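Breakdown of the fold
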There are 2 protein chains.
Amino acid sequence: MAEKVTLFAVAERAGVSIATVSRVVNGLTTNGPTKERIRRAIDELGYEPNSAARALKVNASEQICLALPDLNNPVYQAMTRGVQRGFKLSKYRLMLSPSLLTTEEVILQLKSLGRNYADGVILSSLVFDEEIEKILSTLRIPVVLVGGAINRPKFDNIRVDSERGVGMAVDYFFSAGRKKILFLNGPWITNPAKRRKEGFLESMKSHQIMNPENYIANAKAFNPNAAEEVLSGIKKLNQFSAILCANDLLAAGAIKFLSKRKMKVPDDIAVIGIDNTDLAELLTPTLTSVDFKAEYRGELAAKYLLERLENPNLPIKKTIIEPELIIRESA
Amino acid sequence: MAEKVTLFAVAERAGVSIATVSRVVNGLTTNGPTKERIRRAIDELGYEPNSAARALKVNASEQICLALPDLNNPVYQAMTRGVQRGFKLSKYRLMLSPSLLTTEEVILQLKSLGRNYADGVILSSLVFDEEIEKILSTLRIPVVLVGGAINRPKFDNIRVDSERGVGMAVDYFFSAGRKKILFLNGPWITNPAKRRKEGFLESMKSHQIMNPENYIANAKAFNPNAAEEVLSGIKKLNQFSAILCANDLLAAGAIKFLSKRKMKVPDDIAVIGIDNTDLAELLTPTLTSVDFKAEYRGELAAKYLLERLENPNLPIKKTIIEPELIIRESA
DNA sequence: ATGAAAGCGCTAACAA
DNA sequence: TTGTTAGCGCTTTCAT
């Protein structure tokens, strides 16, 4: 292993003081010859500034924490890609939190941010409560919320019009004459599930459907197996002409289940997913899905965070992403 | 925003010196009453140690860098999950590199590690050359290679028996009487593509097939669209009874393409993928795929790195993952 | 068991 | 433009 090379080594080699080297490194000086000598010394020694020392001195880590529920769901993969892209040209490194599925995990993660290892955090959580909100407001770094449940957030945030997205899907089903719609929702404790349920109830009522709450099934998780499990527990599945799934993974499970039962999608029963992930194009039939633009949201979150880091006094930004129904074969 | 709370604040409140507080924080002292007082002060003030200061002092960041090609490929998502799990109970935080598709990107990333923001790195790269190898050996932190191309690596590494995996798929095709096999490979410059090509040629020859190199097509990328593009350029596709794809994404593209062409999988033409990603279960037909245990590799990489950080003098570990053919409907 | 103090590598204020 | 120096918050040696 090579010798550790610090500002001192470079300064010595170039015959200047460490301050001068520091200035060159940070682009604060314009002197020709000295600058050149220092540059050469840096190259020859392979000097790289010590992040920790800089972080300690300027109280900034040049790192961003991305806090997500889990990486199993392709929607968060897409979001992560967007975030990566958003920070690509910046000086910031990206930290990935562990899986944050429960309130406890979220809280633990947020508290750990007190260690100052990140200059900002992008939080997308399935769960939200007062305790999380309280911790968020004691954080000493900017937060960008992606899909938060907080009422009047004091943070930049990017939400999705869940109700509208669900409504679009329901409307589309109705426009195709499919009125017996099953809503295959995710775990009821999660925030997206609550929002999507609201959207479903509202939309069904607007179509004069009585007691739409009877047409909701909750999967235990946002994944294909959970979808299959729930569906297998529904006695009269063929009373339905359509299934709206709370995400693409559930939709994938639904399609698989229906195909096993020899029910044709979309002929016997139409299926719509939510999130429009990469998966949608690959399923058979290809999946009609409500696009909430996860990758774009990730990129936008990164942008908002960068802007706030640049200028902490900017007014709070709130963006609501308009959903788009991407029509493919399944409905 | 709350006041910044340092060791000093805690020490003052508890009426002790910062050294004592530091010892309590790091679990180095056993005194009853003092310890209690300090603990209370820490709780009351919500003290969290400053990562940068600690990192600077002990020359260790408690961070790990995960350097991957891209997050579009579900195999890296799985690997990332494994890595997350592997570090879950450790003190280390996880950093995610940006997309590292080209040699230049890999080199830039590795060089930046000179800034000491990570105590170790897990590198999975599609490309490898002498320059990368050289930089790796100048790094002052341990490296774990996942799927490296280096001949006699001086690093812990976890590889995959690509040749064997491809061979298993070819053997399986032959055992089902399918001898006209097309190998749909990825970009030829990438390391996995080279290895998989070798495996294909070797295996085909062992089955007395002449000039197997004529049955290889290279997609421009490891994704579904690239697969469709290549396949659409092949005139006499129906001379083949099987397609072996270099990964599941290519296989997904192939299945889609074949379905458009009204060729039945597996009746007209069988398809096998590689990586056995989450996708495999969701495609129609479900995809037979060679499992290289990406998630496990990620977890193992984390384990190796933790062990080496614990004890740098351990002998180098090299593991070759045995592939497993997961048979589903597509072949 | 506890405290005083040095110093990790860097930036920035001040002086020259 | 350049150098000197204090100090960011912490760990650890040495003394008590």
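Heads up: these notes are all about the structure in this document. Just so it is clear, the model here is predicted, and its values are computed rather than measured.

1. Quick notes on the overall build of chain A
Along the backbone of chain A there are 13 helices and twelve strands. A globule of 331 residues ought to have a C-alpha radius of gyration of about 20 Å, yet chain A, at 25 Å, is considerably larger. With the principal axes as the frame, chain A shows a C-alpha extent of 85 × 40 × 30 Å. Looking at chain A residue by residue over its 331 residues, the buried ones come to 56%. For chain A, the share of sequence-separated contacts (at least 6 apart) that also reach a separation of at least 24 residues comes to 70%. By element, 51% of the accessible surface of chain A is carried by carbon and sulfur atoms, the whole surface being about 14,800 Å².

2. Observations concerning the pairing of strand β10 (residues 288–291) of chain A
Residues and elements named next belong to chain A. Burial along β10 is two-sided: the face carrying Thr288 and Val290 and the face carrying Ser289 and Asp291 are both buried. Alignment of strand β9 (residues 270–274) against β10, held across three bridges, turns out to be parallel. For Ile274, the partnering residue across the bridge sits in β10 and is Val290. In this structure, β10 lies alongside strand β12 (residues 324–326), joined through three bridges in antiparallel fashion. Its bridge partner lying in β12, Val290 is registered against Leu325.

3. A look at the protein's contact with DNA strand C
In the region of DNA strand C, 25 residues are neighbours, and Leu7 and Tyr47 of chain A together with Thr20, Arg23 and Thr34 of chain B sit closest. Taking the atoms of DNA strand C that fall within 4 Å of the protein, sugar and phosphate contribute 61% of them. Residue Ser17 of chain B places a main-chain N or O atom 2.8 Å away from a phosphate oxygen belonging to DNA strand C. Thr20 of chain B places a side-chain nitrogen or oxygen 2.4 Å from a phosphate oxygen of DNA strand C. Of all the secondary-structure elements, those providing two or more residues to the surface near DNA strand C are α2 (18–25) and α4 (51–58) of chain A together with α2 (18–25) and α4 (51–58) of chain B.

4. Section: the interface of chain A and chain B
Contacts between chain A and chain B engage 47 residues on the former and 47 residues on the latter. With both sides pooled, the region where chain A packs onto chain B buries about 4,300 Å², and carbon together with sulfur makes up 55% of that total. Looking only at chain A, the three residues that lose the most surface to chain B are Arg115, Arg140 and Leu282 of chain A, adding up to 15% of its buried area. Taken together, chain A and chain B are joined by six salt bridges. Across the salt bridge formed by Lys256 of chain A and Glu281 of chain B, the nearest N and O atoms sit 3.0 Å from each other. Across the chain A-chain B interface, the total number found is 16 residue pairs in polar contact (both at pLDDT 80 or more). Looking at the side of chain A that touches chain B, the elements that each hand over two or more residues are α4, α5 (74–87), β2 (93–96), α6 (103–112), α11 (248–260) and α12 (279–282) of chain A. The element contributing the most residues to the side of chain A that touches chain B is α4 of chain A, with five residues. For the side of chain A that touches chain B, the class distribution of residues is 20 nonpolar, 15 polar and twelve charged. Of the strand pairs in this sheet, β2 of chain A and strand β2 (residues 93–96) of chain B are connected by three bridges, and their pairing is antiparallel.

5. Focus on the sheet that holds β2 of chain A
Read from one edge of the open sheet, twelve strands run β11(A)-β5(A)-β4(A)-β3(A)-β1(A)-β2(A)-β2(B)-β1(B)-β3(B)-β4(B)-β5(B)-β11(B), paired in mixed fashion. The sheet is open, and its two borders are formed by β11 (318–321) of chain A together with β11 (318–321) of chain B, each paired with just one other strand. The average angle at which neighbouring strand axes cross in this sheet is 20°, direction not considered. Sheet topology note: the strand β3 (residues 120–123) of chain B/strand β4 (residues 143–146) of chain B ladder contains three bridges and is parallel. When the sheet's bridge partners are listed, Leu123 of chain B is paired in β4 of chain B with Leu145 of chain B. The sheet contacts of helix α13 (residues 294–310) of chain B involve β1 (63–67), β3, β4, β5 (156–160) and β11 of chain B, and relative to β5 of chain B the element is tilted by about 165°.

6. Some words on the packing of aromatic side chains
Residue and element names in this part refer to chain B. Applying the stated rule across the entire model yields six aromatic pairs over all chains. Summarising the aromatic geometry, the rings of Phe183 and Phe200 are spaced 5.0 Å apart at their centres and angled 20° between planes, so their arrangement reads as stacked. Placement of Phe183 in strand β6 (residues 181–185) and of Phe200 in helix α9 (residues 191–206) is noted, with a sequence separation of 17 residues between them. For Phe183, a relative accessible area of 0% gives the class buried. Arranged with centres 6.0 Å apart and planes meeting at 85°, the rings of Tyr215 and Phe240 form a pair that is edge-to-face. A residue pair is termed long-range when its members are at least 10 positions apart, and Tyr215 in the loop between α9 and β7 (216–218) and Phe240 in the loop between α10 (224–232) and β8 (242–245) qualify at 25 residues.

Cut-offs and rules
Residues numbered from 1 in each chain as written. Chains lettered and ligands numbered in written order. Predicted model: local features only at pLDDT ≥ 70, side-chain atom pairs only at ≥ 80, totals over all residues. Heavy atoms only, no water. Helix = DSSP H or I, 4+ residues; strand = E, 2+ residues; numbered from the N terminus. Rg over C-alpha atoms; globule rule 2.2 N^0.38 Å. Buried < 20%, exposed > 50% of the residue type's maximum accessible area, 1.4 Å probe, protein only. Contact = heavy atoms within 4.5 Å. Areas by Shrake-Rupley, 256 points an atom, 1.4 Å probe, with all protein chains shown as cover. Pairing = 2+ DSSP bridges. Near = heavy atom within 4 Å. Polar contact = N/O pair within 3.5 Å; in protein donor to acceptor, adjacent residues only side chain to side chain. Buried area = accessible area lost by both parts, 1.4 Å probe. Salt bridge = Lys/Arg side-chain N within 4 Å of Asp/Glu carboxyl O. Nonpolar A, V, L, I, M, F, W, Y, C, P; charged D, E, K, R; others polar. Axes fitted to C-alpha atoms, helices over the stretch in contact; angles between N-to-C directions. Phe/Tyr/Trp six-rings, centres within 6.5 Å; stacked < 30°, edge-to-face > 60°.

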